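# Report on the structure
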Amino acid sequence: MKRQPTKKSGMEKAAISALLVQKKSFSLQRLMHDYKEITHQDVPIPGVSALPLDNDFYEWQWNVKAATNNVYKGAVLHFKLSFPKDYPLSPPTVYLLNTELKHPNVMPDRRICLDMFEKDKGNYKGWKSGYTVLSILLQLQMFFFDIDENFLTIDNKKLIQENINAMSEFKC
């Protein structure tokens with residue numbers, strides 16, 4: 001007999017909901033597991049780092065260096081991931097912190113617009129509770145740098161390159 005694909009079962013939702021009311025919430029346990037996955041990789045992801053804030057495990061800083069051969073090559077981008085208290089049932093909100101850089105999927109409030117983070121009729125379009133922080137970062141890295149440059153005007157491309165050059169000249 002062929003099994004029909006199902007959405008999250010009521011039992012799965014109930015189990016996660018029960019953990020949410022315990023002293024250490026399921027979302028915090030999951031974020032701690034995701035943190036261990038990132039920090040104990042056998043093969044680190046080149047040009048990528050992500051860590052939670054010291055005082056808030058629900059907010060992470062993520063940096064990625066663009067290695068692709070496009071308008072963003074050489075840029076170091078800084079992101080903020082804000083995880084909801086019901087993570088992984090709901091996805092994080094992701095913000096680009098480099099205010100000077102343009103991208104077709106960055107909203108005016110610097111939030112990243114991507115199907116996996118967007119709600120449609122109460123459900124997230126592409127979000128799966130099995131996604132980990134590492135899988136989110138890998139998807140964002142591919143998404144952000146694998147763009148169709150036809151969406152960028154010549155002036156925007158020039159401005160992006162000028163901003164990347166200025167960022168690379170900055171010294172602490």
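To start, this report covers the structure provided alongside it. Worth saying up front: this structure is predicted, and the values here are computed from it rather than measured.

## Considering the overall build of the protein chain
When you go through the protein chain residue by residue, the secondary structure sums to 4 helices and 6 strands. Each helix (α) and strand (β) of the protein chain, taken in turn from the N terminus, gives the series α-α-β-β-β-β-β-β-α-α. Residue burial in the protein chain is summarised as follows: out of 172 residues, 34% are buried. Accessible surface, the protein chain as shown: approximately 11,000 Å² in total, 55% of it carbon and sulfur.

## Quick notes on helix α2 (residues 26–39)
The end-to-end C-alpha separation of α2 is 20 Å, in line with the 20 Å expected for 14 residues at 1.5 Å each. For α2, the full list of buried residues reads Phe26, Ser27, Arg30, Leu31, Asp34 and Ile38. The arc that holds the buried residues of α2, viewed along the axis, is 130°, so those residues lie on one side. Facing away from the buried side of α2 by over 90 degrees, the exposed positions are His33 and Lys36.

## Regarding the sheet that holds strand β2 (residues 56–65)
The strand order β1-β2-β3-β4 describes an open sheet built from 4 strands, whose pairing is antiparallel. At either end of the open sheet lies a strand with only one pairing partner, and these are β1 (48–53) and β4 (93–96). In this sheet, adjacent strand axes meet at a mean angle of 20° when their direction is disregarded. Here β2 runs beside strand β3 (residues 76–82); their pairing, made up of 7 bridges, is antiparallel. From the neighbouring strand, glutamate 59 faces β3, where its bridge partner is serine 82. Sitting on the sheet, helix α3 (residues 133–145) touches β1, β2, β3 and β4, and the angle it makes with β2 is about 35°.

## Structural notes on the nonpolar core
The tendency in soluble globular proteins is for nonpolar side chains to be buried as a group. Leu77, Phe79, Phe83, Ile112 and Ile136 are the most contacted members of the largest nonpolar core, which totals 36 residues. Going through the elements one at a time, α2, β2, β3, β4, α3 and α4 (154–169) are the ones with two or more residues in this core. Sort the elements by how many residues they give to this core and α3 lands first, with 7 residues. Beyond its immediate chain neighbours, meaning those up to four positions away, isoleucine 136 contacts Leu81, Phe83, Tyr87, Pro92, Met116, Phe117, Trp127 and Tyr131.

## Observations regarding the pairing of β2
Both faces of the sheet carry side chains from a regular strand, because those side chains alternate between them. Sheet topology places β1 next to β2; 6 bridges connect them, and they run antiparallel. Within β2, the position partnered with valine 48 by the bridge is valine 64. Hairpin geometry of β1 and β2 is characterised by an intervening segment of 2 residues between the two adjacent antiparallel strands.

## Comments concerning the packing of aromatic side chains
This structure, assessed with the given rule, holds 8 aromatic pairs. Between the aromatic rings of tryptophan 127 and tyrosine 131, the centroid separation amounts to 5.3 Å while the plane-to-plane angle is 70°, which identifies the pairing as edge-to-face. Every member of this aromatic cluster is reached through a ring pair, and the members are Tyr35, Phe57, Trp60, Phe83, Tyr87, Trp127 and Tyr131. The aromatic ring of tyrosine 95 is capped on one face by lysine 80, whose charged end is 4.9 Å from the ring centroid. Over the face of the ring belonging to tyrosine 58 we find lysine 85, whose NZ or CZ atom lies 3.6 Å from the ring centre.

Cut-offs applied
- Residues numbered from 1 in each chain as written.
- Predicted model: local features only at pLDDT ≥ 70, side-chain atom pairs only at ≥ 80, totals over all residues.
- Heavy atoms only, no water.
- Helix = DSSP H or I, 4+ residues; strand = E, 2+ residues; numbered from the N terminus.
- Buried < 20%, exposed > 50% of the residue type's maximum accessible area, 1.4 Å probe, protein only.
- Areas by Shrake-Rupley, 256 points an atom, 1.4 Å probe, with all protein chains shown as cover.
- Expected span 1.5 Å × (residues − 1).
- Arc of directions from axis to C-beta.
- Pairing = 2+ DSSP bridges.
- Axes fitted to C-alpha atoms, helices over the stretch in contact; angles between N-to-C directions.
- Contact = heavy atoms within 4.5 Å.
- Core = buried A, V, L, I, M, F, W, Y, C linked by side-chain atoms within 4.5 Å.
- Phe/Tyr/Trp six-rings, centres within 6.5 Å; stacked < 30°, edge-to-face > 60°.
- Lys NZ or Arg CZ within 6 Å of the ring centre and 35° of its normal.

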